[in-house]
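Secondary and tertiary structure notes
Okay, here's what each chain looks like letter by letter:
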Amino acid sequence: MKQLSVFLENAPGHLARMTRLLGEAGHNMYALMTADTADYGVVRVICDDPDAAAQTLRDRDITAQVHEVCAVAVPDRPGGLSDLLDTIAEASIDISYCYCFVHPSCSDAVTVFRLSDSEATVVLETAGYRIVELEDFNA
Amino acid sequence: MLDEREQCLSREERDVVQADLLHKLCRHVYDHVDTYRKKFDEFDIDPASINTVGDIASLPFTVKDDLRAAYPYKMFAAPMDDIVRVHSSSGTTGQVSVVGYTQRDLDMWSRLVARALDAAGATAADIMQISYGYGLFTGGLGLHYGTEHLGATAIPVSGGNTQRQIQILRDFGVTGIAATPSYAVLIAETAQKLGVDLRELPIRFGIFGAEPWSNALRAQIEEAFGLEAFDIYGLSEILGPGVGFECHEHDGLHINEDHFLIEILDTETLAPVADGTYGEVVFTTLTKEGIPLLRYRTRDISRIVAGDCACGRTTRRLERITGRSDDMLIIRGVNVYPSQIEQVLLDVAQVAPHYQIVLSKKGALDDVEVRVELDPQVDFDEIRSLERITNIVKDALASALAISVRVKLVESGTITRSEGKAQRLVDLRNAEEEGEKR
């Protein structure tokens, strides 16, 4: 799945401006996660059209990129996520970051990973997990 | 008063002394320093034609680039056999100027620092804590030898280890301290934290210099230590501390005019300005042997304090330095050029060469933040990659500048672009004291 990533200064109004620009351009966001330091933050967004959203922001001089991340459906039950994480750990795959959200079109929770191994999706699919694609939300 | 005769010459006597020394100096540098022989020849100046103080106006200038081009020894006027010491301007890569001293130079320097101490009321009975850094920097050794020359006791503690500084201040019967003003404030703040009341100690005077400081800071230091603070002026190219110093009147720095010829020149036309008018400070070393300099442009902006000083010295007084005419920064006593920072950033692929330097005070010390734009092409999605970039920039700056700085990555396009001279520097260090300046 493609994810929009935005580099923002950690200062009042920057996140507001970014989301307003996306809203005015008609982009719908499904999930948003911030990683912050004292000086700056990286905002990660799952939205309907990440490439167009990134272009919208770059046109307004906001540093935006699109990255491939791994979105996995997680059974919505106690222990569901830890089972998934065990699978990843057993394959010795590093997790750079992850975040979870739910979407009305999907009965399972969705966990987004940035993983060290590009073959990770194969490992997860082999273990029986379903990889979620943007089309699943946009349908 | 030490050297009362030399420090109290009439204007006529001074002009005779300076003219004689200047005449000999021109001959000497023409014969011994390639840089000067070329300059004299280029402007078709006969060194023998310089006979009065006024004739100096026809002499060529010396600028910092001349010294850099002469790195390390090419402008020395004495053979290395006679050079007994070298110092250099604050250790910044590629920008260092090296100065050499003969034994006679060191004796002269010690004497002039002793004059400064004497003007602060010091005698052979005093115990001086030298808290300037010792090394290539002229502050520590300059004050050290001056103290010994006066016959006072020098405690060569150097800078750093602030708790030990306070222990020595308390236990060694220290009556005078020499330090940068910012370090003096740090010592005072630390003493307060440790519950040591410096005002109860015997210390009664301090010699502070090597960086610009405001009257507000002076008041703060005097209050915290219970001492009288004296400014001392100098630059390594000319001598080091002791080119000028304050007396009890605290109304400008008496320039040792029997050794240095001072000019204040209009910053645009480079024509002499009247006493009391601001201009660029230009020095000629009249007696130095190791590396004598003609009309060295300091880039410091100041003026001559008009009128006579109540202390009795007739040497002209330079008002405390309020600004520089170029963009060199003094950060924690180290000379830093924005161009050096630019050079470092150009070498780091992950950042754009758009930057801003923000100087502020963190407690007593200078705090440096370099704001630099992230290259929008760099994969920034993982925080660790951003931290890596920050560290690369930080390490590169630290090794090039010899000071540690904070690096702040900012969004691309947020640093103001300029078509002319870029506003690279935001100096907030004296912002709160601006109203106090004369």
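Basis of the calculations
Residues numbered from 1 in each chain as written. Chains lettered and ligands numbered in written order. Predicted model: local features only at pLDDT ≥ 70, side-chain atom pairs only at ≥ 80, totals over all residues. Heavy atoms only, no water. Helix = DSSP H or I, 4+ residues; strand = E, 2+ residues; numbered from the N terminus. Buried < 20%, exposed > 50% of the residue type's maximum accessible area, 1.4 Å probe, protein only. Contact = heavy atoms within 4.5 Å. Areas by Shrake-Rupley, 256 points an atom, 1.4 Å probe, with all protein chains shown as cover. Patch = residues over 30% accessible without salt bridge, like charges linked within 9 Å, V, L, I, M, F, W, Y side chains within 5 Å. Salt bridge = Lys/Arg side-chain N within 4 Å of Asp/Glu carboxyl O. Lys, Arg positive; Asp, Glu negative; His and termini not counted. Charge placed at Lys NZ, Arg CZ, Asp CG, Glu CD. Pairing = 2+ DSSP bridges. Polar contact = N/O pair within 3.5 Å; in protein donor to acceptor, adjacent residues only side chain to side chain. Axes fitted to C-alpha atoms, helices over the stretch in contact; angles between N-to-C directions. Phe/Tyr/Trp six-rings, centres within 6.5 Å; stacked < 30°, edge-to-face > 60°. Parallel < 35°, antiparallel > 145°, perpendicular 65-115°, else oblique. Nonpolar A, V, L, I, M, F, W, Y, C, P; charged D, E, K, R; others polar.

1. Topic: the overall build of chain B
The helix and strand inventory of chain B stands at 11 helices and 21 strands. By the burial criterion, 55% of the 438 residues in chain B qualify as buried. Put simply, of all contacts in chain B between residues at least 6 apart along the chain, 65% involve residues at least 24 apart. Carbon and sulfur atoms provide 49% of the accessible area of chain B, an area that totals close to 18100 Å².

2. With respect to a negative patch on the surface
Residues and elements named next belong to chain A. Side chains of E68, E125, E133 and E135 sit close together on the surface and give a patch of like negative charge. Position of E135 relative to the elements: it lies in helix α5 (residues 134-138). E135 gets classed as exposed once you look at its relative accessible area, which sits at 56%.

3. A short note on the pairing of strand β1 (residues 2-9) of chain A
Residues and elements named next belong to chain A. The buried count for β1 comes to 6 of 8 residues, which makes it a mostly enclosed element. Sheet topology places β1 next to strand β4 (residues 63-68); 6 bridges connect them, and they run antiparallel. By the bridge assignment for β4, L4 is matched with V66. Relative to strand β3 (residues 40-47), β1 runs antiparallel, the two being bridged by 6 bridges.

4. A few points about the interface of chain A and chain B
By a frequent convention, interface size equals the accessible area lost on bringing the separate parts together. Taken residue by residue, the interface counts 22 residues in chain A and 19 residues in chain B. At the boundary of chain A and chain B, one finds 5 salt bridges. Among the ionic pairs, D381 of chain B bridges to R114 of chain A, the shortest N-O distance being 2.7 Å. Scanning the region where chain A abuts chain B turns up 12 residue pairs in polar contact (both at pLDDT 80 or more). Where the side of chain A that touches chain B is concerned, the elements lending two or more residues are β1, β3, β4 and β6 (95-101) of chain A.

5. A look at the sheet that holds strand β7 (residues 109-115) of chain A
Neighbouring strands of a sheet are bound in pairs by backbone hydrogen bonds; such pairs are parallel or else antiparallel. All names here are of chain A. In space, the 3 strands of this open sheet follow the order β5-β7-β6, with antiparallel pairing throughout. Either end of the sheet is taken by a strand with one partner, and the two such strands are β5 (70-74) and β6. Along the sheet, successive strands turn relative to each other by an average axial angle of 25°, direction set aside. Relative to β7, β6 runs antiparallel, the two sharing 6 bridges. When the bridges of β7 are listed, C98 appears paired with F113.

6. A few points about the side chain of T147 of chain B
Residues and elements named next belong to chain B. Relative to the elements of secondary structure, T147 occurs in helix α6 (residues 138-150). T147 gets classed as buried once you look at its relative accessible area, which sits at 0%. Within the structure, T147 has its side chain in polar contact with the backbone oxygen of L143 (distance 2.7 Å). Contacts of T147, omitting those with residues within four sequence positions, involve L117, M128, I130, A152, T153 and A154.

7. Section: the packing of aromatic side chains
If you walk through the whole model with that rule in mind, you get 11 aromatic pairs over all chains. Seen from their ring centres, F7 of chain A and F380 of chain B are 5.9 Å apart, and the 65° between their planes marks the pair as edge-to-face. In this pair, F7 of chain A sits in strand β1 while F380 of chain B sits in the loop between β19 (365-374) and α11 (383-401), so the two residues belong to two different chains. Residues F7 of chain A and F380 of chain B agree in their burial class; the two are buried. Ring centres of Y101 of chain B and W109 of chain B lie 4.9 Å apart, and the angle between their planes is 15°; on these two criteria the pair is classed as stacked. Using a relative accessible area of 3% as the deciding quantity, one classes W109 of chain B as buried. Ring-pair connections join several aromatic residues into one group, and the members of that group are F7 and Y40 of chain A together with F380 of chain B.

8. Regarding the packing of helix α7 (residues 162-171) of chain B against helix α8 (residues 181-194) of chain B
All names here are of chain B. Where α7 meets α8, the closest approach of the two axes is 9 Å, and the angle between their N-to-C directions is 80°. Between α7 and α8, the interaxial angle falls into the category roughly perpendicular. On α8, the residues touching T162, Q163, Q165, I166 and L169 of α7 are Y183, L186, I187, T190, A191 and L194. Class assignment of the residues belonging to the contact of α7 with α8 gives a composition of 7 nonpolar, 4 polar and no charged.

9. Thoughts on the pattern of salt bridges
Tallied over the full model, the rule gives 37 salt bridges over all chains. Close ionic contact of K2 of chain A with D51 of chain A constitutes a salt bridge, the shortest N to O distance being 2.8 Å. A residue pair is termed long-range when its members are at least 10 positions apart, and K2 of chain A in strand β1 and D51 of chain A in helix α2 (residues 50-59) qualify at 49 residues. Of the residues examined, D51 of chain A reaches a relative accessible area of 37% and is grouped as partly exposed. Across the pair D34 of chain B and R37 of chain B runs a salt bridge whose closest N-O atoms are separated by 2.6 Å. Note that D34 of chain B and R37 of chain B are positioned in helix α3 (residues 34-42) at a spacing of 3 residues, about one turn of the helix. With a relative accessible area of 29%, R37 of chain B lands in the partly exposed category. Three or more residues joined by partner-sharing salt bridges are found here, namely R44 and R114 of chain A together with D379, D381, E382 and R384 of chain B.

10. Observations concerning the packing of helix α5 (residues 103-119) of chain B against α6 of chain B
Residue and element names in this part refer to chain B. In the contact formed by α5 and α6, the axes pass within 7 Å of each other and the chain directions differ by 75°. One element, α5, and the other, α6, form an angle in the roughly perpendicular class. Residues W109, S110, R111, V113, A114, L117 and D118 of α5 lie in contact with α6, whose contacting residues are T138, G142, L143, Y145, G146, T147, H149 and L150. Along the lines of polarity and charge, the residues of the contact of α5 with α6 split into 7 nonpolar, 6 polar and 2 charged.

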